[in-house]
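# Topology and contacts: notes
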Amino acid sequence: MTAVRPDTAPKQAPETAQFPPGFVWGAATAAYQVEGAATEDGRTPSIWDTFSHTPGKVHNGDTGDVAADHYHRYRDDVALMKRIGLTAYRFSVSWSRVQPTGRGPAVERGLDFYRRLVDELLEAGISPVATLYHWDLPQELEDAGGWPQRETAERFADYAALVAGALGDRVPTWTTFNEPWCTAFLGYGSGVHAPGRTEPAAALRAAHHLNLAHGRAIEVLRDRLPATARTSVTLNLHHVRPLGDAPADADAARRIDAVGNRIFTGPMLRGAYPEDLLADTAHLVDWSTLVRDGDLAAASRPVDLLGVNYYTPTVVSAPVDGRGDARDDGHGNSDHSPWPGSEHVAFHLAEGRKRTAMNWVIDPDGLYRLLLDVSREHPGLPLMVTENGAAFEDHVTPDGRVEDPERIDYLHGHLDAVRRAAADGVDVRGYFLWSLMDNFEWAYGYSKRFGAVHVDYATQRRTPKASAHWYADAIRRHALPPRTGPR
Ligand code: FCB
């Protein structure tokens, strides 16, 4: 989303104000990042297994083979969630655990894990939010061409049917994709994510097939789920800001908004690709043959909720005077930019602002403005913040505590942004902290800790950080506690 107009400058609601009634307090994880048990009960490699086992792709050669061992420790983890007071848990389903080749019947032992997890959550009074795809394509489907192949969209719809059949009676909220932008552009563009391909045209083809797959899956879910179930998709909408007032900077922001945001919100929420996106990328793909009759009608099947993930804003300018960096856009190091057309854009890290261990600039107002922008552009569509959080260097003290005041500060600022947006009329239904616990942070391996709960990977010991206690306090009050909460 491009920057908000000045008439929506933040209004001051009292800091102690309550969150809206029914506001959901959640935490999120993803299958490959936490489960481990990579070869158990019939699971086969996904593209992330292959990628992480390829030397040089992931920091320190880390893999998700064991991760946080959630597959075996889910009971203890749900007990932890209950202690924090979470009202919802967002997890993802591993496709190759459920359907190892990406085709054909389900492996019941794989589905059983999710049945057990969902039962445990319901027993604890925690509402499950299931994401069908958080980046872990079965390797066999990648070998057949992956997301740049249209066939993969049809396979995804079949897989959605299997999971809906198994969990549909007990999971009230469903998400097709987590951050399809990352799947398409980090997976097939810059190659910093699995499967590690660096083909800009393939990235755009992948984006279209993800839109199509989303729509096909929504159709399948609507068909199989009870009428009360809610469907959604989660997008990492970039809050794009031009660096200066120059028209060339505004044009750089427009380009990134097109290929970062509207490439998904267009087909999914409006039933059309934006004209400027088609023009900007016409030298890479022939959209007229890529998009077939009926695709846009399929992609735009209505959803009940839009999930928004936000970590940091995206500041861009035209690449003049050597300003900024064409490649350093915060998404990992590669000689290849994930952004088609990046030769027209330079990325900037706002100077003088605090940053997280990911080197991401901390800017809670970006979340406030993003929520206002999205709700204005898509009126009537309820929003959910499905990820927000921060990595910092956390250490367990000799007496077994983890003090993480910077994370508390981050959460306070961003939850306050959500509360202000709600007070200003945005229909935002909940907030999911990323992440419940430290986990495999993709190309960064285990070197970045995003959890509210610390994980000692040698022992799998869990230690709730001070931020987990602070978040628990927020949930109890249904309002923001002071920045340095109780322990
Ligand atoms: C998001 C991903 C999530 C995690 C956070 C830090 O882009 O969805 O899995 O890696 O970033």
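Below, the structure is looked at part by part. (Residues numbered from 1 in each chain as written. Predicted model: local features only at pLDDT ≥ 70, side-chain atom pairs only at ≥ 80, totals over all residues. Heavy atoms only, no water.)

### Some remarks on the sheet that holds strand β9 (residues 346–348)
Paired through backbone hydrogen bonds, the strands of a sheet run either parallel or antiparallel to each other. Ordered in space as β6-β8-β9, the three strands form an open sheet in which the pairing is mixed. At either end of the open sheet lies a strand with only one pairing partner, and these are β6 (240–242) and β9. Each neighbouring strand pair of the sheet contributes to a mean axis angle of 40°, computed without reference to strand direction. For strand β8 (residues 314–317) and β9, the ladder comprises three bridges, and the chain directions are antiparallel. (Pairing = 2+ DSSP bridges. Helix = DSSP H or I, 4+ residues; strand = E, 2+ residues; numbered from the N terminus. Axes fitted to C-alpha atoms, helices over the stretch in contact; angles between N-to-C directions.)

### What to know about the site of the ligand
Neighbouring the ligand are the residues Q33, H134, W135, N178, E179, Y311, E387, W434, E441, W442 and F450. Between Q33 and the ligand, the recorded distance is 2.7 Å, taken from a side-chain N or O atom to an oxygen atom. At 3.0 Å from an oxygen atom of the ligand is found a side-chain nitrogen or oxygen belonging to E387. Summarising the interface, the protein chains cover 94% of the accessible area of the ligand, which totals 290 Å² for the free molecule. Considering only residue class, the shell around the ligand consists of five nonpolar, three polar and three charged. (Near = heavy atom within 4 Å. Polar contact = N/O pair within 3.5 Å; in protein donor to acceptor, adjacent residues only side chain to side chain. Areas by Shrake-Rupley, 256 points an atom, 1.4 Å probe, with all protein chains shown as cover. Nonpolar A, V, L, I, M, F, W, Y, C, P; charged D, E, K, R; others polar.)

### Description of the side chain of D295
Following the sequence through the fold, D295 ends up in helix α13 (residues 295–299). Only 2.9 Å separates the side chain of D295 from the backbone nitrogen of R292, close enough to count as a polar contact. Leaving out residues up to four positions away in the same chain, D295 has contacts with R150, H208, L212 and L290. (Contact = heavy atoms within 4.5 Å.)

### Topic: the packing of helix α3 (residues 70–84) against helix α5 (residues 108–123)
For the pair α3 and α5, interaxial distance at closest approach is 10 Å and the crossing angle is 10°. In terms of orientation, α3 and α5 fall into the roughly parallel class. The interaxial crossing formed by α3 with α5 has right-handed handedness. Between α3, through H70, Y71, Y74, R75, V78 and M81, and α5, the contact on the second element is made entirely by R109, F113, R116, L117, E120 and L121. A per-class count over the contact of α3 with α5 returns seven nonpolar, one polar and four charged. (Parallel < 35°, antiparallel > 145°, perpendicular 65-115°, else oblique. Left-handed = near helix turned anticlockwise from the far one by under 90°.)

Any functional reading would require information that these geometric values do not contain.
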